[in-house]
Amino acid sequence: MKLLLINPNTTESMTGRMLEMSRAMVRPSTEVAAVTGRFGARYVASRASYAIAGHAALDAYAEYGADADAVALACFGDPALWALKEIARQPVVGMAEASCLMAAAYGGKFAIVTGGERWGPMLREFVASIGLGDRLAAVVTVAPTGADIARDPNAALALLRDTCRGCANDHGASSVILGGAGLAGIASRISEAVPVPVIDSLAACVGMAEAIALAGAGKAHVGSFAATPAVETIGLPSALAALMAGR
């Protein structure tokens with residue numbers, strides 16, 4: 001089985017870091033490949049960069065997604081998630097989507113901790129869009145961006161630990177998501193010091209994508225996530241244009 005990891009951020013080192021972590025998370029028989037967005041922001045941290053990342057994710061899928069059994073959208077906030085689910089021929093799982101569904105399974109309300117202040121309202125809107133708005137205790141953003149944290153995770157450990165504790169003690173969260181590619185791998189390092197489960201968003205995404213592919217349910221043939229209706233396009237790269245044309 002092959003799992004394709006799409007990172008629509010344009011930082012190759014972050015893709016490589018997530019790929020290495022993901023290969024340690026899956027079954028030995030599961031192959032993991034990864035692709036980085038060809039254009040856009042180095043790290044998505046605003047509505048504008050989020051919109052561009054959605055285009056980059058579709059472009060990456062068109063170029064590299066044909067032989068995958070499942071796709072993991074490895075950018076917290078899941079740019080173009082619904083469009084990817086529509087256009088893809090296999091299951092697509094988003095990092096924020098998988099994390100929120102896992103958090104909901106713990107029961108009670110959950111909180112999200114991530115880097116970059118612009119993500120606060122964006123993530124509240126996202127959680128509402130997947131029907132879990134009433135389960136969200138809080139979105140707490142810390143001053144370092146995800147990119148900053150990825151460059152020096154040790155420097156952020158105490159801040160993230162204390163922020164996750166605050167989500168449990170002050171906001172009543174029954175679980176906390178550490179959201180973002182830059183925060184991958186940190187949950188296990190602080191979980192013993194936090195009184196509720198701490199969810200690693202990359203682990204949630206990769207685990208769910210692999211599980212859905214193994215279940216083998218296939219693609220919907222009717223409804224809003226059936227194959228994209230063929231449309232004529234102008235100016236798109238050839239692979240994405242062909243996909244939009246139904247080829």
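The present account deals with the structure reproduced in this document. (Residues numbered from 1 in each chain as written. Predicted model: local features only at pLDDT ≥ 70, side-chain atom pairs only at ≥ 80, totals over all residues. Heavy atoms only, no water.)

Observations concerning the packing of aromatic side chains
And then number 1: Applying the stated criterion to the full structure yields two aromatic pairs.
And then number 2: A ring pair is formed by Y50 and W119, whose centres lie 6.1 Å apart and whose planes are at 80°; its orientation type is edge-to-face. With a gap of 69 residues between them, Y50 in helix α2 (residues 47–64) and W119 in helix α5 (residues 119–129) connect regions that are remote in the sequence.
And then number 3: A relative accessible area of 24% means that Y50 is categorised as partly exposed.
And then number 4: With a relative accessible area of 5%, W119 lands in the buried category.
And then number 5: Centroid distance W82 to F225: 6.0 Å. Interplanar angle 45°. Geometry classified as tilted. Placement of W82 in helix α3 (residues 81–87) and of F225 in the loop between α9 (201–215) and α10 (238–244) is noted, with a sequence separation of 143 residues between them. (Phe/Tyr/Trp six-rings, centres within 6.5 Å; stacked < 30°, edge-to-face > 60°. Helix = DSSP H or I, 4+ residues; strand = E, 2+ residues; numbered from the N terminus. Buried < 20%, exposed > 50% of the residue type's maximum accessible area, 1.4 Å probe, protein only.)

What to know about α9
Since one α-helical turn is 3.6 residues long, residues separated by three or four positions face the same way.
And then number 1: Helix length check: α9, at 15 residues, gives a terminal C-alpha distance of 21 Å against a target of 21 Å (1.5 Å per residue), a fit within 8%.
And then number 2: Every buried residue belonging to α9 is among S201, L202, A204, C205, V206, A209, E210 and A213, and all of these are buried.
And then number 3: Where α9 starts, the residue carrying a side-chain oxygen 2.9 Å from the main-chain nitrogen of L202 turns out to be D200.
And then number 4: Of the residues one or two after α9, G216 is the one with positive phi, at around 70°. (Expected span 1.5 Å × (residues − 1). Polar contact = N/O pair within 3.5 Å; in protein donor to acceptor, adjacent residues only side chain to side chain.)

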